[in-house]
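Observations on the three-dimensional arrangement
Given next are the chains, with one letter for each unit.
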Amino acid sequence: MDTSVFVQTFIAVFVLADAVGNIPIVLALTKGMEPEDRNKVIDKGSIVAIAVLLLFAFSGQYILSYLEISIASLRVAGGLLLLLIALQMLRGELDTPIHEEGRDVSITPLALPLLAGPGTLTSVMLFMSKSQSPHLGVVLGIVVAMFVTWLILRLANQIDKLIGVEGTVIVTQLLGFLLAALAVEIGSTGIKELFLH
């Protein structure tokens, strides 16, 4: 196994998944849920993210070229999806648990695009093209990084207890604003790539 590829993949996936930064967003998305339900959302989101990252690592290039989708378009779509969620957070529309509205937050937005966003998908595809077969380093890098991410996200329940209801409202508003900025950043990078290259 190529250790340098493993380390590079682990660092890239872990940093881009941004577990610590996503804890308050997970709290906002699962507001009103019981701790067990929140854990189920985190478990499912992490598994889906690993599956998507592995799928993209091995066949992302083929999927995108078959559908004639560029990474830039992926960025714009991911940015728009995050922006819609950010607007809901800012308007205080995430007060009721989303799972009661028939939406599964573990898949979107938790797994996609928060944990496995355009940047992460692009990274794993690049590492895959650079590494020698068998691509054990890349696969292990993805799995270990997502496992550490999952462990950190599981701390969300303790943090929720710590900050209380008022704290959650303040954090939700603040994060809605930051998430909107992040969404614009991802989207604008995609738009630049689409029109300036």
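Please refer to the structure higher up on the page.
1. Describing the pattern of salt bridges
Considering all chains together, one arrives at three salt bridges under this definition. In this structure, Lys44 and Asp104 form a salt bridge, with 2.4 Å as the shortest nitrogen-oxygen distance. Here Asp104 lies in the loop between helix H4 (71-90) and helix H5 (106-115) and Lys44 lies in helix H3 (residues 35-67), a separation of 60 residues in the sequence. Of the charged contacts, one joins Arg75 and Glu193 as a salt bridge, the two residues approaching to 3.2 Å between their closest N and O atoms. Of the two residues, Arg75 is situated in helix H4 and Glu193 in helix H8 (residues 156-196); the sequence distance between them amounts to 118 residues.

2. Some thoughts on the packing of aromatic side chains
Tallied over the full model, the rule gives three aromatic pairs. Each ring, one from Phe147 and one from Trp150, has its centre 5.7 Å from the other, and the planes form 25°; the classification is stacked. One end of the pair is Phe147 and the other is Trp150, both in helix H7 (residues 136-153) and three residues apart, which spans about a single turn. Taking relative accessible area as the criterion, Phe147 reaches 47% and is therefore assigned partly exposed.

3. A look at the nonpolar core
Val13, Leu53, Leu115, Ile142, Met146 and Leu179 are the most contacted members of the largest nonpolar core, which totals 48 residues. For this core, the secondary structure elements donating two or more residues are helix H1 (3-17), helix H2 (19-29), H3, H4, H5, helix H6 (118-130), H7 and H8. At eight residues, H3 tops the list of elements feeding residues into this core. With near-sequence residues (within four places) excluded, Val13 lies in contact with Leu53, Thr120, Val124, Ile142, Ala145 and Met146.

4. Thoughts on the side chain of Thr30
Looking at the secondary structure, you find Thr30 in the loop between H2 and H3. Within the local environment of Thr30, its side chain forms a polar contact with the side chain of Arg38, the two groups lying 2.7 Å apart. Sequence-distant contacts of Thr30, that is, excluding residues within four places in its chain, are made with Arg38, Val41 and Val105.

5. Quick look at H2
Note that an α-helix has 3.6 residues per turn; residues three or four places apart therefore point the same way. Of all 11 residues in H2, nine are buried, a share of seventy percent or more. Of the residues making up H2, those classed as buried are Ala19, Asn22, Ile23, Pro24, Ile25, Val26, Leu27, Ala28 and Leu29. Here the buried face of H2 lies against H1, H3, H4, H5, H7 and H8.

6. Description of the environment of Phe127
Within the secondary structure layout, Phe127 lies in helix H6. Through-space distance from the C-alpha of Phe127 to that of Leu175 is 31 Å; in sequence the pair is 48 residues apart. For Phe127, the residues in contact, after removing those within four places along its chain, are Gln8, Thr9, Ala12 and Val138.

Criteria and cut-off values
- Residues numbered from 1 in each chain as written.
- Predicted model: local features only at pLDDT ≥ 70, side-chain atom pairs only at ≥ 80, totals over all residues.
- Heavy atoms only, no water.
- Salt bridge = Lys/Arg side-chain N within 4 Å of Asp/Glu carboxyl O.
- Helix = DSSP H or I, 4+ residues; strand = E, 2+ residues; numbered from the N terminus.
- Phe/Tyr/Trp six-rings, centres within 6.5 Å; stacked < 30°, edge-to-face > 60°.
- Buried < 20%, exposed > 50% of the residue type's maximum accessible area, 1.4 Å probe, protein only.
- Core = buried A, V, L, I, M, F, W, Y, C linked by side-chain atoms within 4.5 Å.
- Contact = heavy atoms within 4.5 Å.
- Polar contact = N/O pair within 3.5 Å; in protein donor to acceptor, adjacent residues only side chain to side chain.

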